[in-house]
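One-letter residues, chain by chain:
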2 protein chains.
Amino acid sequence: MDAALRARADKVIPGGMYGHLNARILPAGYPQFFARADGCRLWDVDGREYLDFMCSWGPIIAGHKHPVIDEAARKQAEQGDCMNGPTARLVELSERLVGMLPHADWAMFQKNGSDATTAALMIARAGTGKRKILLAKGAYHGAVPWCTPSVAGVTAEDRAHLIYFKFNDIESLEAAAREAGDDLAAVLVSAFRHDLGVPQELPHPDFARAARALCDRQGAALVIDEVRAGMRLSLQGSWEPLGVRPDICAWSKAIANGHSLAAVTGNDAFRKAAQQIYITGSFWMGGVAMAAAIATLDVLENSGAIQHFEKMGQRLRDGLQRQADKHGVKISQTGPVQLPLVLFEDDADYSRGARFTAEALKHGVYLHHRHNMFLSLAHTAQDIDHALQVTDHAFAMVADVAAH
Amino acid sequence: MDAALRARADKVIPGGMYGHLNARILPAGYPQFFARADGCRLWDVDGREYLDFMCSWGPIIAGHKHPVIDEAARKQAEQGDCMNGPTARLVELSERLVGMLPHADWAMFQKNGSDATTAALMIARAGTGKRKILLAKGAYHGAVPWCTPSVAGVTAEDRAHLIYFKFNDIESLEAAAREAGDDLAAVLVSAFRHDLGVPQELPHPDFARAARALCDRQGAALVIDEVRAGMRLSLQGSWEPLGVRPDICAWSKAIANGHSLAAVTGNDAFRKAAQQIYITGSFWMGGVAMAAAIATLDVLENSGAIQHFEKMGQRLRDGLQRQADKHGVKISQTGPVQLPLVLFEDDADYSRGARFTAEALKHGVYLHHRHNMFLSLAHTAQDIDHALQVTDHAFAMVADVAAH
């Protein structure tokens, strides 16, 4: 069925598939098309079941078919979704985010993570009257011309005012700021470093404070891209535990448990600028995604979600490390435990990682070999332990191949 | 209730509301917040009922709560929406569009109209290796930095490669092409001219043919922005009745009857380019919006939708003209009847239009005074006639004010 759909897709979709969900960039054996999902489990179109560690690449934070969230969405859909104006859900959700996030005095909603990061930079530019954006080399901030990882279809002017620094490197940040001179609009930085295929890094508190101080000194906006990390590290904003508050944050992915929604939150210093820019979309005021978002935030707050992610993430990381040690396979596990990334030593082409994940997939565990993974509220200790039974076997296979 | 929500919104949303659904840019009396919708009727949060002629600014083409479309969406939601890959709906919908649209050999899906217009230009640039885009001055193509009507937060570089012509003016198109020289990537043109607050214009067949010939001569892409017009003028593409086929089209709004979806369709000449660019979004592969789109296209095809829109639009236009003549009020009604636009003579500040629509609103008919309106399959002859009873009264009031 998957093969037949791929053959049909090849005819009517360029390359048969596009974007980050393209199975052709995964190891052989991964399915392209899915039939259904429940909790932390997925079924492909051939009926194969997977214990999932990608959570749709982030959006599924409470698990598929969460009863409370799905009921909220269903109830709103019965009333109305896309109408001539917003529903009361817009105000309720804005109040909810402003109440949760100490940095935020206001919120605006969109549909894609790229919408939110783009709007955040527009607001920073409108508010400062400056143009230059400092951002970390290799960071992913979306897939529109100014930030997509490819250069096909992109012009030099799309990136004219971007200046790059190295994540967690204060000196390189200061050098980038010197290059911007008196034209600095914003420092844009991911909540933590989660660049594709390299070790993850949490922000050093000194780096976070230096970024804040730089923005304060120059009157620039500190913009945190929370699209990937948001609501998995802290429900108060990922840098709140560091004591560093951004001016503007971009959110998407997990905030509505899979419903299409993005948000920009900001402080009063940038309220007028946010009012000045003109951004909009045909479906941005849809009530269903907002109702789902409110329910998602309720569920996360009421269930000790962050502690659950940390506990499950630590259990997985500890188990994987024990197995790697036992099998004499050197791996690195970096960044926050709730967004697991497993890389193998001496694996520049990711072939060992691919072998490991392909083997796990054969036994029904869906991992990624070079992108960070995600946990949800639906992952139980039993699920983690079941995954570890499978990975023990996969490590043995990688060790065996390495020995020959 | 609306007033109370606006007061709460003022605190947590910049300006209290943003974008095209901001009621502050409508005449006094228009509600900001809506509670529910059914067919071509809306209820605001204070329980007031409206016979609606905006259709959520386009997306609602079959009417709210359409049983076939809603059932398709509900069934898909029960299986899965946002997963680790697409569902079979992706292939089915791509095949459907390729089968319907004579110009199209492939399709790709996004979430916003701006996503689709932006992707179309990226594909044109990737395919031609050129940079310049010719587009009509005053045309709306979305609300991201290269095209948003505001300049707040926008840099000059965001629009560095845009050259403007006048819609339907072959000479100005040729002049713009001369300015682009050998760097011409695309001619981007709306399916018809629907700029805010000015008379609408259908494309002259000569202009459409000239644009096609120009692109053929220079190896550029002819890109039609179908976001506004799409599926209301023709189910084969808006320029198909003119005998002019685009290379690439951008779609959104009506294609999924209010579900968040956009699409780019293109021909084989641009297939490789479409494969080369990297665009993606967290929710783009969601099955629910695609299932809704397939059902929407089924409903439109099976119900003689275009003829229905034309018939209802003509009935409304004829009725309004008769009333205007009777009351001695000079109006212009331009463009396709299925996207009605009513402008008043000597009304540079739109105050007469605002008086007219505010009066209609008081009697439960939701019109717009300077943006084109939309019809749906849910609008019956009885609905049109009911609206005309109300507009007769509104014309009388405008005539009365003008006489004093």
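Residues numbered from 1 in each chain as written. Chains lettered and ligands numbered in written order. Predicted model: local features only at pLDDT ≥ 70, side-chain atom pairs only at ≥ 80, totals over all residues. Heavy atoms only, no water.

Asks: Help me understand the side chain of S172 of chain B, please; the structure alone is not making it clear to me.
Replies: All names here are of chain B. Locating S172 in the fold gives a position in helix α5 (residues 170-180). For S172, a relative accessible area of 19% puts it in the buried group. When near neighbours in sequence (up to four residues on either side) are disregarded, S172 contacts F165 and K166. (Helix = DSSP H or I, 4+ residues; strand = E, 2+ residues; numbered from the N terminus. Buried < 20%, exposed > 50% of the residue type's maximum accessible area, 1.4 Å probe, protein only. Contact = heavy atoms within 4.5 Å.)

Asks: What am I meant to see in the sheet that holds strand β6 (residues 162-165) of chain A here?
Replies: Sheets are built from strands paired through backbone hydrogen bonds, the pairs being either parallel or antiparallel. All names here are of chain A. One open sheet accounts for seven strands, arranged β4-β10-β9-β8-β7-β5-β6; its pairing is mixed. Whereas interior strands pair on both sides, the edge strands pair on one side only; in this sheet they are β4 (106-110) and β6. Strand-to-strand, the axes of this sheet are offset by a mean angle of 20°, without reference to chain direction. Note that strand β7 (residues 184-190) and strand β8 (residues 221-225) share five bridges and pair parallel. When the sheet's bridge partners are listed, V187 is paired in β8 with L222. (Pairing = 2+ DSSP bridges. Axes fitted to C-alpha atoms, helices over the stretch in contact; angles between N-to-C directions.)

Asks: Sorry if this is basic, but what is going on with the pairing of strand β5 (residues 132-136) of chain A here?
Replies: In regular strands, side chains alternate between the two faces of the sheet. Residues and elements named next belong to chain A. Across the five residues that make up β5, a large majority, five, are buried. Burial along β5 is two-sided: K132, L134 and A136 and I133 and L135, pointing in opposite directions, are all buried. Here β5 pairs with β7 via four bridges, running parallel. Of the residues in β7, the one forming a bridge with K132 is L184.

Asks: What am I meant to see in the layout of surface pockets here?
Replies: The gaps of empty space that remain are located by a probe, the size of a water molecule, rolled over the atoms. Approximately 1200 Å³ is the volume found for the largest pocket. The wall of the largest pocket is formed by 47 residues, among which A77, H259 and V288 of chain A together with H259 and V288 of chain B lie closest to the centre. When residues of the lining of the largest pocket are traced back to their parent elements, those giving at least two are α2 (67-79) and α8 (287-302) of chain A together with α2 (67-79) and α8 (287-302) of chain B. Here the lining of the largest pocket gets seven residues from one element, more than from any other, and that element is α2 of chain B. A per-class count over the lining of the largest pocket returns 17 nonpolar, 18 polar and twelve charged. In this structure, the second largest pocket spans a volume of roughly 1000 Å³. (1 Å grid on protein atoms, 1.4 Å probe; cavity = no way out; pocket = protein on both sides within 12 Å on 5 of 7 lines; lining within 4 Å. Points joined across faces, edges and corners; volume = space filled by probe spheres on them. Nonpolar A, V, L, I, M, F, W, Y, C, P; charged D, E, K, R; others polar.)

Asks: Even after reading the chapter, I still don't get empty space enclosed by the protein, so can you show me in this structure?
Replies: Under the criterion given, the structure shown has seven cavities of 30 Å³ or more. Roughly 580 Å³ of internal volume is contained in the largest cavity. Residue lining of the largest cavity: 40 residues in total, with T118 and W146 of chain A together with V144, P145 and W146 of chain B positioned closest to the centre. For the lining of the largest cavity, the secondary-structure elements that each account for two or more residues are α4 (113-128) of chain A together with α4 (113-128) of chain B. At seven residues, the largest contribution of residues to the lining of the largest cavity is made by α4 of chain A. Grouping the constituent residues of the lining of the largest cavity by class yields 18 nonpolar, twelve polar and ten charged.

So yeah, pure geometry; function would need other evidence.
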